[in-house]
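The residues making up each chain are set out below.
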Amino acid sequence: MAAPLTPGAATRGEEDEDCNRPGAGAVSNEDRKDCILEPLSLPERPGGSPTPAGSPAVPCAFCEERFPAAEQDQLLKHMVIEHKMVIADVKLVADFRRYILYWRKRFSEQPIMDFCSVIRINSTAPLEEQDNYFLLCDVLPEDRVLREELQKQKLRGILEQQQRERGDDSFRGVCMFCNEEFLGNRSVLLNHMSREHAFNIGLPDNIVNCSEFLRTLQEKLDNLQCLYCEKTFRDRNALRDHMRKRRHRRVNPKNREYDRFYVINYLELGKSWEEVQSEDDRELLDHQEEDWSDWEEHPVSAVCLFCEKQAETIEKLCVHMKDTHEFDLLEIKSELGLNFYQQVKLVNFIRRQVHQGRCYGCHARFPSRADLRAHMEAARHAALLPDLATWDQPEYYFPTYENDSLLCTLSDSDSDLQAQEQKGSVPVISEDTSGLQALRQSSVLNQLLLPEGAAAGQAPGSPLRRRAGRGSAGVTTSKGAVLGEIDFKK
């Protein structure tokens, strides 16, 4: 599961001057709308895992506000906006409520500065416009120990639950495919579905909270959703034929919703089953011969800055943006002399403005992206970039969308310049030869050279020179000095 909030998200959340005012309390509704306080992703296959309902409320670490456990994201946003506090790697916290309660107590005992790193926003702006945010992460030894202890307690509880389920003979369940009812141990039902219906969710001993797992799968089937590709069908017969013909009688391994039902995901702090399994197989792979014959490179599509158009190369995408939106990224890069990092900040700036429905040419706001796109195309504002100082800011080092492939395709201006210089036949400067005399004396070629007296004073047309032209090789430095000649006929 993706972390609800990351350190980068806090910086993304303060992109406007309205959001950068000092103080933790006075934030208007308009400011809240402009702030981006959670990771964004460009459109792709839907996924995710909801937080179970019915859990006790979680209090804020600083005030009396309380939020349901299912609204963990709202609590994190509240602490960022109201208290300028960011928790790093929330996904690695095994028990979020106990984690918050612990730090709530510690913050009441000591100042927050004793525990958190300070992130200064708008450090180049005037002092009254600067602001400080606080980052709580496992760099602090106390936080690291707390996270590890919560993980150990979580693992102990999971292993105890698994042991109870393994020895429970009062289990009662119904097969999802033939509606046959099974009584006794859970392994009877799981083995039946594996043997009779080729549906395998893993060994019974590797699964925990089995009843909840089966209910989750049954709900998806009741909603006519394939368990593997997660497509929805019009009726149950179409779903059954699809899963049978496509051999989709297994769960989607990339859906993190299922991770909580497998013991392997609780073994190590911050490691999923894929990472643990890859470590187990690493020794075997080290002894195998590297074979890249089956390597298949899948092209990564980049998304247009203004619409949903995707292209496999930046050249195609630039042509699309130039023809459709009159925005020439390559020309802007050339005219402004943008280096790689400035290109990154420009892309992130435009992404953020479009995400917020704001035209950066006239600062007008629009309720939807379609209205914004229509306005920018009609007014030709796509190419009307603001001053360099507006978007060439440190806050735009952070991507607006975490999976923005366009950032990976940007080229470095320095490397482009070197390529152009080589194409223009620019002379190449040789390496430093200031120590040429020392090089002569220490060279192993001295053993093969003729004595200096034999070569000294020879006229250009002498036999030695003629032999060098016919059958010998001269050793010449980068400055053109002849160190000596070797006659290959001897």
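These figures come from a predicted structure and were not determined experimentally.

J.: What exactly am I supposed to notice about the pairing of strand β7 (residues 181-184) here?
T.: Because side chains alternate across β7, one face comprises the buried residues F182 and G184, and the other comprises E181 and L183, none of which is buried. Pairing analysis gives 4 bridges linking strand β6 (residues 171-174) to β7, with the strands arranged antiparallel. Bridge pairing links G173 to F182 in β7. Joining the antiparallel neighbours β6 and β7 is a turn of 6 residues, in which N179 adopts a positive phi near 60 degrees.

J.: Teacher, can you tell me more about the confidence of the model for the chain here?
T.: Reading fine detail from the predicted coordinates is not recommended where pLDDT is low. With 67% of its residues at a pLDDT of at least 70, the chain reaches an overall mean of 76. Within the chain, no element has a lower average pLDDT than helix α1 (residues 7-12), which sits at 39, and none a higher one than helix α4 (residues 96-109), at 93. Long-range and interchain partners of residues 419-429, a stretch whose pLDDT sits below 50, account for 1 contact in this model, where long-range means more than four residues apart.

J.: What should I look at first to understand empty space enclosed by the protein in this one?
T.: Sizing a probe to match a water molecule and rolling it over the atoms shows the empty space that remains. Counting across every chain of the model gives 3 cavities of 30 Å³ or more. Space inside the second largest cavity adds up to approximately 40 Å³. Along its surface, the second largest cavity is lined by F306, V354, R369, L372, R373 and M376. Counting residues per element, the lining of the second largest cavity draws most heavily on helix α13 (residues 369-379), which supplies 4 residues. Here the lining of the second largest cavity is built from residues that sort into 4 nonpolar, no polar and 2 charged.

J.: Sorry, what's going on with the pairing of strand β5 (residues 131-136) here?
T.: Looking along a regular strand, one sees side chains alternate from face to face of the sheet. Of all the 6 residues making up β5, 5 are buried; the element is thus mostly covered by neighbouring parts of the structure. Where strand β4 (residues 117-121) meets β5, 5 bridges bridge the pair, whose relative direction is antiparallel. The residue of β5 that forms the bridge with V118 is F134.

J.: For this particular structure, what's the right way to read the packing of aromatic side chains?
T.: Any two aromatic rings considered together are summarised by their centre-to-centre distance and by the angle between their planes. Across all of its chains, the model carries 14 aromatic pairs by this definition. Measuring from centroid to centroid gives 4.6 Å for F213 and F261, while their planes differ by 10 degrees, and the two rings are stacked. Placement of F213 in helix α7 (residues 210-222) and of F261 in the loop between α8 (236-245) and α9 (273-286) is noted, with a sequence separation of 48 residues between them. One exposure class covers both F213 and F261, and it is buried.

J.: Is there a simple way to explain the packing of α7 against α8 in this structure?
T.: The description of two helices packed together rests on the angle between their axes and the distance between the axes. Look at α7 against α8: their axes get within 10 Å of each other, and the N-to-C directions meet at 115 degrees. On α8, the residues touching Q218, L221 and D222 of α7 are R236, L239 and M243.

J.: Sorry, what's going on with the pattern of salt bridges here?
T.: In this structure the tally under the stated criterion is 23 salt bridges. In this structure, D143 engages R147 in a salt bridge whose closest nitrogen and oxygen atoms are separated by 2.6 Å. Separated by 4 residues within a single helix, D143 and R147 lie in helix α5 (residues 141-166), roughly one turn from each other. Grouping residues by exposure puts D143 and R147 together as buried. Notably, a salt bridge pairs K220 with E257, separated by 3.4 Å at the nearest N-O pair. Taken together, the positions of K220 in helix α7 and E257 in the loop between α8 and α9 put the pair 37 residues apart, joining distant regions of the chain. Within the structure, one salt-bridge network assembled from shared partners comprises K105, R106, E109 and E142.

J.: Could you clarify how one ought to interpret α13 in this entry?
T.: In an α-helix, one turn spans 3.6 residues; hence positions three or four apart end up facing the same way. For α13, the complete set of buried residues consists of L372, H375 and M376. An end-on view of α13 places all buried positions within 95 degrees of arc, on one side of the element. Looking at the buried side of α13, the elements it contacts are α12 (340-355). Positive phi appears at R380, one or two residues downstream of α13, with a value of about 55 degrees.

J.: How should I be thinking about the side chain of H381 in this particular structure?
T.: When you line up the elements, H381 lands in the loop between α13 and α14 (388-391). H381 sits in the buried class, given a relative accessible area of 15%. A distance of 3.4 Å separates the side chain of H381 from the side chain of H375, its partner in a polar contact. Those residues in contact with H381, other than ones at most four positions away along the chain, are C359, Y360, G361, C362, H375 and M376.

J.: Help me out: how do you make sense of the side chain of D404 in this one?
T.: Here D404 is to be found in the loop between α14 and α15 (406-409). There is a polar contact of 2.9 Å between the side chain of D404 and the side chain of R351.

J.: Is there a simple way to think about unusual backbone geometry in this case?
T.: Residues other than glycine predominantly adopt negative phi, and peptide bonds predominantly adopt the trans conformation. Unusually for a residue other than glycine, A198 sits at a positive phi of about 55 degrees. As for its placement among the helices and strands, A198 is situated in the loop between α6 (186-197) and α7. If you check the backbone angles, E230 has positive phi at about 65 degrees while not being a glycine.

Here is what the cut-offs are and how they apply
What you see as residue numbers is a count from 1 along each chain, following the sequence as written. Totals for whole chains, interfaces and linings use all residues, but because this is a predicted model, local features are given only for residues with pLDDT of at least 70 and pairs of side-chain atoms are given and counted only at 80 or more. With hydrogens and water excluded, all non-hydrogen atoms of the structure serve as input to the side-chain values. Type-normalised accessible area, obtained with a 1.4 Å probe on protein chains alone, sets the label of each residue: buried when under 20%, exposed when over 50%, and partly exposed for intermediate values. Secondary structure elements are taken from DSSP: a helix is a run of H or I of four residues or more, a strand is a run of E of two residues or more, and numbering for both begins at the N terminus. The rule for pairing is simple: two strands pair if DSSP sees at least two bridges between them. pLDDT expresses, on a scale from 0 to 100, how confident the predictor is about each individual residue. In what follows, a contact means two residues having at least one pair of non-hydrogen atoms within 4.5 Å. Cavities and pockets are defined on a 1 Å grid built over the protein atoms alone: a cavity is a set of grid points where a 1.4 Å probe fits but cannot escape, while a pocket is an open set with protein on both sides within 12 Å along at least five of seven lines, and lining residues are those with an atom within 4 Å of any such point. Grid points are joined across faces, edges and corners, and a volume is the space filled by probe spheres set on the points. Gly counts as polar in this scheme, as do all residues outside two lists: the nonpolar Ala, Val, Leu, Ile, Met, Phe, Trp, Tyr, Cys and Pro, and the charged Asp, Glu, Lys and Arg. Stacked, edge-to-face and tilted are the three classes for Phe, Tyr and Trp ring pairs, Trp counted by its six-membered ring, which pair at centre distances within 6.5 Å; planes under 30 degrees apart are stacked, over 60 edge-to-face, the rest tilted. Here, axes are lines fitted to C-alpha atoms. For helices the fit covers the stretch in contact, and angles between N-to-C directions go from 0 to 180 degrees. For this document, the term salt bridge refers to a Lys or Arg side-chain nitrogen within 4 Å of an Asp or Glu carboxyl oxygen. In this description, the arc belongs to the directions extending from the helix axis to the C-beta atoms. N or O atoms within 3.5 Å of each other form a polar contact, as long as, within protein, one can give a hydrogen and the other can take it, and as long as residues adjacent in sequence are counted only when both atoms are side-chain atoms.

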